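Fold and geometry: a report
As a plain string of letters, each chain reads:
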Amino acid sequence: MIRDMIAQERKRQDKLHPNFPKELRLAILVEEVGEISTALQNGDIENLKTELTQTAATAIRWLEHIKKEEST
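So, here's what we can say about the structure. (Residues numbered from 1 in each chain as written. Predicted model: local features only at pLDDT ≥ 70, side-chain atom pairs only at ≥ 80, totals over all residues. Heavy atoms only, no water.)

1. Quick notes on the side chain of Q13
Summarising the element assignment, Q13 is placed in helix α1 (residues 2-16). Separated by 3.1 Å, the side chains of Q13 and R10 make a polar contact. Ignoring sequence-local partners within four residues, the contact set of Q13 consists of P18, Q54, A57, T58 and R61. (Helix = DSSP H or I, 4+ residues; strand = E, 2+ residues; numbered from the N terminus. Polar contact = N/O pair within 3.5 Å; in protein donor to acceptor, adjacent residues only side chain to side chain. Contact = heavy atoms within 4.5 Å.)

Below is the structure:
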């Protein structure tokens, strides 16, 4: 179930933002971590789950791009 949530988020990311520029990857990941912090501070468990899923998907996306770049 958790892996499915992350996989769905990955698909959503590719659809909404097909480009994942190398120079912005860290900023995107850190922004997601910041949203985790906000959800924690607000005690919003549902949003926390969403933000954790988005952060995991972003980290996986970065790994996917690294593997792709290594193979070219």
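2. As for the packing of helix α2 (residues 25-42) against helix α3 (residues 45-70)
Here α2 crosses α3 at 165°, and the two axes come no closer than 8 Å. In terms of axis orientation, α2 runs roughly antiparallel to α3. As for the relative orientation of α2 and α3, their crossing is left-handed in sense. In this structure, α2 uses R25, L26, I28, L29, E32, V33, E35, I36, A39 and L40 to contact α3, whose residues at the interface are N47, L48, E51, L52, Q54, T55, T58, A59, W62, H65 and E69. Tallied by class, the residues present in the contact of α2 with α3 amount to eleven nonpolar, five polar and five charged. (Axes fitted to C-alpha atoms, helices over the stretch in contact; angles between N-to-C directions. Parallel < 35°, antiparallel > 145°, perpendicular 65-115°, else oblique. Left-handed = near helix turned anticlockwise from the far one by under 90°. Nonpolar A, V, L, I, M, F, W, Y, C, P; charged D, E, K, R; others polar.)

3. Section: the pattern of salt bridges
Pairing between side chains of opposite charge can happen when the charged atoms of each approach one another. All chains considered together, the criterion is met by seven salt bridges. Between R61 and D14 there is a salt bridge, with its nearest N and O atoms 3.4 Å apart. Remark: D14 occurs in helix α1 and R61 occurs in helix α3; sequence separation between them is 47 residues. Take R61: its relative accessible area is 4%, and that puts it in the buried class. Ionic pairing is found between R25 and E69, a salt bridge with its closest N-O pair at 2.9 Å. One end of the pair, R25, is in helix α2; the other, E69, is in helix α3, with 44 residues separating them in the sequence. Using a relative accessible area of 4% as the deciding quantity, one classes R25 as buried. Connected through shared salt-bridge partners, R10, D14, R61 and E64 make up one network. (Salt bridge = Lys/Arg side-chain N within 4 Å of Asp/Glu carboxyl O. Buried < 20%, exposed > 50% of the residue type's maximum accessible area, 1.4 Å probe, protein only.)

4. A look at the layout of surface pockets
Considering only enclosed or pocket space, the largest pocket measures out at about 200 Å³ in volume. Residue lining of the largest pocket: 13 residues in total, with Q13, H17, I28, E32 and R61 positioned closest to the centre. Its residues placed into classes, the lining of the largest pocket shows three nonpolar, five polar and five charged. (1 Å grid on protein atoms, 1.4 Å probe; cavity = no way out; pocket = protein on both sides within 12 Å on 5 of 7 lines; lining within 4 Å. Points joined across faces, edges and corners; volume = space filled by probe spheres on them.)

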